[in-house]
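Chain residues, written in single-letter form:
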Amino acid sequence: MRKIFSAFIFSIVLFFTGCREQRSSLPPVILLEQQIYETAVNEPVTVTPEYENCPDGTVYLWTLNGEAVSQEPSLTFSGDEPGSFYFLLTVSNQAGEDRAEIRIDVYGQNPPVISLPGAIGGFSVLQDSILVLAPEVSSVLPVTYSWTVDGKEVSTDSVFTFPTEETGMFDAGLRVVNRDGADEIEFTVEVLSPGEAFSWTFDRTEYGICTGRSLMLRPLDIKYPFDAVYIWSVDGNEVQSGQTPEYVFDLAAEGSHTVNVTMRNSYTTASQDLTVAVLPAEGTYFRPADGFSNAFISRVFEYTPAPGQFINEGYTAATPAEACDYAFQRLSEGQFVSLGAFGGYIVVGFDHSVESDGEGALDLQITGNAHSSSSEPGIIWVSQDENGNGLPDETWYELRGSEYGKPETWQDYAVTYYRPSGPGMSVEWTDNRGNSGTVDYLKAFHRQDSYYPAWITADSYTLRGTRLQDRLVDESGNGSLWVGHPFDWGYADNWSATDPDIDKFSISDAVRWDGEPAGLKYIDFVKIQCGVQAKGGSTGEQSTELTLIRDLHID
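Bear in mind that the values here come from a model prediction, so they are computed numbers and not experimental data.

Peer 1: Summarise the nonpolar core; cite the residues concerned and give the values.
Peer 2: Leu 217, Tyr 303, Ile 346, Tyr 417, Val 526 and Ile 528 are the most contacted members of the largest nonpolar core, which totals 82 residues. Per element, the largest residue contribution to this core is 6 residues, and it comes from strand 31 (residues 345–355). Residue contacts for Ile 528: discarding those within four places in its chain leaves Leu 339, Gly 344, Tyr 345, Ile 346, Ile 366, Gly 378, Ile 379, Ile 380, Ala 492, Thr 544, Leu 546 and Ile 549. In this structure, Ile 114, Val 149, Phe 160 and Phe 162 belong to the second largest nonpolar core, which totals 20 residues.

Structure follows, in structure tokens:
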């Protein structure tokens, strides 16, 4: 549980800028990176815009409520009470003038804010291993730390190494205090013995596959397997045993099959039943297009974005169905839909099956809002309605892009996002590779209460998919120009100077679990998923955006 003992937070914003050009024949131009600034009572904030065409003799005038407060190029302001203060900046030379309005919000106090990714879900650690807790604390004032375990203070350092000699569940906490207040978080730490430590997950327990195709079955996120042996059986008959956790299911007999996987190591045993339905051959449920078929999608089945700066902004969705309606309406109007940070996805369908015209032929158009300095690539997946129920609940096949199979491209990458404990806070995340971070709250630009999807009721959720290498680079060296460098081909919302068909895709690029061509003759559903986990200063997280999804075979 998080407790914040003061509601006011401020940041002092300072820009070191000046006059870029001195052309007396042109009117001045005011260049502002932002128009809203924050500070606290009696704490000065300095605003120094950049200017163009400001030769000697240029006149600067800052006014507040119609009264002049400064005639300097920059403004330093200190408020003695909370509130919002609106300043008008007028810059003039012999050729004309330019004006800009700036708002400075003055808050009452500046208590600290703690960010400790993973604390919301608690930590699990093996006995006698190392768990280092290193929080990020936002505070411009000096702070003190107090770490507690089961109610007793154990450390006053900024970084705490949790003792793991004894097994059990421990209640831990951190309290950080400064002159203006305090922030406090509480969390659990479970110290596990080797016999308790093994864990695994399964993304689903029911599968379907057309007869004649194969399916990779495997547990995910295996922890502490030690000397594990995995035994696989189908309909009660053992089919595989060894240290390999994966099993390739390729039975051709139609019907439902029970598959069991059992893990045994020196400390414990774990078991999981799966159901695999072998379905009729491809084409059984094919839906040909006719004169009434629409080139554009007919439905959004799922809209589950990761947290991001455009999530919850300008719309209210209380349920997944309302979120799908919102996304469909936006796409129908040609407006962008944001998928948020890594893993956020949308699943759409057509009123007919989209046929593949063969290897290299272009079948789908998926358009985003990428441009020469901003590529936010999305992974594309396709699926057939193999069981004929009209729902996207069968096997997904990734469309191979230029980065598929490269060492820096991570398959089965998973990120868990945690609901912030209050409005105006960044969203913490952890991944299945031991990393953590935040989707930053950008109050100067996107001021909705939370970037965590409002229709997701759980306090955390996990998104899994393919992660591409981070190509977001600060080209300026000072955080003012972040460039998302593109990938060669095969991704949504990706810009390219060399590929004229960058937003068009071929179903023939669909690959199965082993990277071999899936050989799909048609598809019924498309899933687009943000494929990067990166952020760049004031530009925030990289997030795939979409504006159009259509069948290229229909005009």
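Peer 1: Talk me through the environment of Arg 400; I want residue IDs and the actual numbers.
Peer 2: Topologically, Arg 400 is positioned in the loop between strand 34 (396–399) and strand 35 (410–418). The sequence separation of Arg 400 and Ile 379 amounts to 21 residues, and the corresponding C-alpha distance is 8.8 Å. Look past the residues within four positions of Arg 400 in its chain and what remains in contact with it is Trp 489, Asp 509 and Val 511.

Peer 1: A description of helix 2 (residues 320–332) should follow, citing residues and the corresponding values.
Peer 2: A rise of 1.5 Å per residue sets the reference length of helix 2, with its 13 residues, at 18 Å; its end C-alpha atoms lie 18 Å apart and thus fit the reference within 8%. Of all the residues in helix 2, the buried ones are Ala 323, Cys 324, Tyr 326, Ala 327, Arg 330 and Leu 331. Seen along its axis, helix 2 keeps its buried residues to an arc of 160 degrees; they face one direction. Buried residues along helix 2 sit in contact with strand 29 (299–304), strand 30 (337–338), strand 31, strand 44 (545–546) and strand 45 (548–551).

Peer 1: Break down the pairing of strand 21 (residues 206–210) for me, citing the residues and quoting the values.
Peer 2: Counting buried residues along strand 21, 4 of its 5 residues qualify, which places the element largely inside the surrounding structure. Bridge analysis of strand 21 against strand 28 (residues 269–279) gives 5 bridges, and the strand direction is parallel. Each bridged residue has a counterpart across the sheet, and for Glu 206 the counterpart in strand 28 is Thr 275.

Peer 1: How would you summarise the sheet that holds strand 9 (residues 83–93) if you had to cite specific residues and measurements?
Peer 2: Taking strand neighbours across the sheet as the criterion, the 5 strands line up as 3-10-9-6-7 in an open arrangement whose pairing is mixed. The open sheet has two edge strands with one neighbour each: strand 3 (36–40) and strand 7 (67–70). Within the sheet, the average angular offset between the axes of one strand and its neighbour, ignoring direction, is 35 degrees. As paired elements, strand 6 (residues 59–64) and strand 7 share 3 bridges and run antiparallel to each other. Considered in strand 7, the bridge of Leu 64 is made with Glu 67.

Peer 1: Break down the side chain of Thr 58 for me, with residues and values.
Peer 2: Locating Thr 58 in the fold gives a position in the loop between strand 5 (50–52) and strand 6. The class of Thr 58 is buried, set by a relative accessible area of 12%. A distance of 2.7 Å separates a polar atom in the side chain of Thr 58 from the backbone oxygen of Pro 55. Contact partners of Thr 58, with chain neighbours within four places excluded, come to Asn 53, Val 91, Ser 92 and Asn 93.

Peer 1: Account for the pattern of salt bridges, naming residues and giving values.
Peer 2: Two side chains with opposite charge may pair up if their charged atoms get near one another. This structure, assessed with the given rule, holds 19 salt bridges. In this structure, Asp 180 engages Arg 179 in a salt bridge whose closest nitrogen and oxygen atoms are separated by 3.3 Å. By relative accessible area, which is 15% here, Asp 180 ends up buried. Judged by its relative accessible area of 59%, Arg 179 is exposed. A salt bridge links Asp 459 to Arg 419, with the nearest nitrogen and oxygen atoms 3.1 Å apart. With Asp 459 in the loop between strand 37 (436–439) and strand 38 (460–467) and Arg 419 in the loop between strand 35 and strand 36 (427–431), this pair connects stretches of sequence that are 40 residues apart. The exposure class assigned to Arg 419 is partly exposed, which follows from its relative accessible area of 27%. The network of salt bridges with common partners includes Glu 43, Arg 179 and Asp 180.

Peer 1: Give a detailed account of the sheet that holds strand 45, specifying residues and quantitative values.
Peer 2: Spatially, 41-32-45 is the arrangement adopted by the 3 strands of the open sheet, whose pairing is antiparallel. The outermost strands of the open sheet, each flanked by one partner alone, are strand 41 (504–505) and strand 45. Taken together, the 2 bridges between strand 32 (residues 364–367) and strand 41 define a ladder with antiparallel strand orientation. Paired with Gln 365 across the two strands is Lys 504, which belongs to strand 41.

Peer 1: Any details on the side chain of Asn 494? Residues and values, ideally.
Peer 2: Locating Asn 494 in the fold gives a position in the loop between strand 40 (482–484) and strand 41. Accessibility expressed as a relative area gives 5% for Asn 494, which makes it buried. There is a polar contact of 3.4 Å between the side chain of Asn 494 and the side chain of Ser 375. Engagement of the side chain of Asn 494 in a polar contact is seen with the backbone oxygen of Phe 487, the distance being 2.8 Å. Residues in contact with Asn 494, not counting those within four places in the same chain, are Ala 370, Ser 375, Pro 486, Phe 487 and Ile 502.

About the cut-offs
- Residues numbered from 1 in each chain as written.
- Predicted model: local features only at pLDDT ≥ 70, side-chain atom pairs only at ≥ 80, totals over all residues.
- Heavy atoms only, no water.
- Core = buried A, V, L, I, M, F, W, Y, C linked by side-chain atoms within 4.5 Å.
- Buried < 20%, exposed > 50% of the residue type's maximum accessible area, 1.4 Å probe, protein only.
- Helix = DSSP H or I, 4+ residues; strand = E, 2+ residues; numbered from the N terminus.
- Contact = heavy atoms within 4.5 Å.
- Expected span 1.5 Å × (residues − 1).
- Arc of directions from axis to C-beta.
- Pairing = 2+ DSSP bridges.
- Axes fitted to C-alpha atoms, helices over the stretch in contact; angles between N-to-C directions.
- Polar contact = N/O pair within 3.5 Å; in protein donor to acceptor, adjacent residues only side chain to side chain.
- Salt bridge = Lys/Arg side-chain N within 4 Å of Asp/Glu carboxyl O.

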